[in-house]
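Here are the chains, one letter per residue:
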Amino acid sequence: MSTPLGVAVIGSGRAGMIHAKSFARMVDDARLVALADPDPGNLSQAAQELRVERTYADHTQLLEDPAVDAVVIVTPTRFHRQIVLDAAHAGKHVFCEKPMAMTAEECADMVRATQQAGVALQIGYMRRFDASFQRAKEMIDAGAIGEVVRVSSRTHGPSIPQPWMYDLTASNGPLAEVSSHDIDTLRWLSGTEVAEVHAVAGNYRSAEAREQWPDFYDTVLMTSRMANGTIGCVEGAQGVRYGYDARVEVLGTDGQIDVGDLKANRVVLHQREGRSEADFVPSWRNLFHDAYIAEDRDFVEAIRSGTEPRVTGVDGLRAVEIVDAGNESIRTGQVVTLEPIEL
């Protein structure tokens, strides 16, 4: 039997713990060997829960650990580029959560660094590993609805934005933090690239941000035209409170595919007073639990087989280019044409 792949997680917040638990318990041929986080409280709590002995406040020290073969980067986006470059230099394979980086240029640096180092780079778009999304992709590719005419993807998040998100120079806004999954879904299901976008947005729920951060938006609608003429639509919102709402419609010349359901189950209560009730999905962590495990397993398989991950650094780069174009459209009110970076 081969030696299990030593995986370390950099960042022990909500998403970091999802990956850490996955590699600690659910991924064959891999084991969680180390954690890094500059917050001593988070690091201590995570290490205790996961029974990990190797802990580091500085990711550069973790990268010197010979037990670490690969890293999962789950830090604020503004730190992604440097950590990926450091990991590539150290010869570690890389899984980087979305959004890939703050700018397309940073993404290009990351792709080039990992290519030159000969290490894997996978980006965390877990919807590609969800069974329902995969089934939709299979049906589209089989021609079940003819030619794809329009892809519409929605993500409404229930939680109130964190204060650091109000500064678009630090977060790139909900297009990056919330809707980048929808942007990746748009590219993936249509099978082509975005050519131009137009976006409108507003702040309707985050009154505390309006004075200091007048450009912050919690709701956005972005339409796009793809290179092959397909129409794309991305609808995003934060702080909706009613539940986690992730749905996709793919309209074709011969039919339509619907993916996702706001209801947590198919049980609906109908009462004689004329009211109906159903339980809603509370969080992305509930809806995509199995998809996170599947993408972590796929990362290990790509490393073991020497094949390219299913979600590449180029996929992450293209999504950030679209985020940048969407934010420019929000600022200017104009249609923005994409100018992809060539690698």
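Calculation rules
Residue positions are counted from 1 within each chain, in the order its sequence is given. For this predicted model, a pLDDT threshold of at least 70 governs which residues receive local features, and a threshold of 80 or more governs which side-chain atom pairs are given and counted, while totals over whole chains, interfaces and linings are taken from all residues. Each side-chain value is worked out from all heavy atoms of the structure, with water and hydrogens disregarded. UniProt positions are given in the numbering used here, feature names are shortened, and annotations may be inferred rather than shown by experiment. Under the DSSP-based scheme used, a helix requires at least four consecutive residues in state H or I and a strand at least two consecutive residues in state E, with every element numbered from the N terminus. Only protein chains enter the calculation, and the probe is 1.4 Å; a residue is then buried if its accessible area is under 20% of its type maximum, exposed if over 50%, and partly exposed in between. Residue contacts are defined here by distance: any two heavy atoms, one from each residue, within 4.5 Å place the two residues in contact. Between any two strands, pairing holds if DSSP finds at least two bridges.

1. Quick notes on the UniProt feature "domain: GFO/IDH/MocA-like oxidoreductase" (unreviewed entry) in the protein chain
Okay, so step 1: Under the feature "domain: GFO/IDH/MocA-like oxidoreductase" (unreviewed entry), the UniProt entry names residues 133-257.
Okay, so step 2: The distance separating the terminal C-alpha atoms of residues 133-257 is 10 Å; by composition the span is 23% helix and 35% strand.

2. A short note on unusual backbone geometry
Okay, so step 1: For the peptide bond that leads from Lys98 to Pro99, omega is -15 degrees, which places it in the cis range.
Okay, so step 2: You can see Pro99 is positioned in the loop between strand E5 (93-96) and helix H5 (104-117).
Okay, so step 3: Even without being glycine, Asp29 reaches a positive phi, approximately 65 degrees.
Okay, so step 4: In this fold, Asp29 is placed in the loop between helix H1 (14-25) and strand E2 (30-36).
Okay, so step 5: Asp29 gets classed as partly exposed once you look at its relative accessible area, which sits at 31%.
Okay, so step 6: Residue Arg51 is not a glycine yet carries a positive backbone phi of 60 degrees.
Okay, so step 7: Relative to the helices and strands, Arg51 is located in the loop between helix H2 (40-50) and strand E3 (54-56).

3. Thoughts on the side chain of Ser206
Okay, so step 1: Tracing the backbone shows Ser206 in the loop between strand E8 (194-202) and strand E9 (219-226).
Okay, so step 2: For Ser206, the residues in contact, after removing those within four places along its chain, are Pro161, Tyr166, Phe216 and Asp218.

4. Topic: the pairing of strand E1 (residues 5-10)
Okay, so step 1: For E1, a buried count of six out of six residues is recorded, marking the element as mostly surrounded by other parts of the structure.
Okay, so step 2: What you see with E1 is no split at all: Leu5, Val7 and Val9 on one side and Gly6, Ala8 and Ile10 on the other are buried throughout.
Okay, so step 3: When E1 meets E2, the two strands line up parallel, connected through six bridges. Along E2, the bridge assignment pairs Gly6 with Arg31.

5. Remarks on the sheet that holds E9
Okay, so step 1: Reading across from one edge, E12-E11-E7-E10-E9-E8-E15 is the order of the seven strands in this open sheet, with mixed pairing throughout. Strands at the two margins of the open sheet, each flanked by one partner only, are strand E12 (255-259) and strand E15 (336-337).
Okay, so step 2: Relative to strand E11 (residues 245-252), strand E7 (residues 148-156) runs antiparallel, the two being bridged by eight bridges. When the bridges of E11 are listed, His156 appears paired with Asp245.

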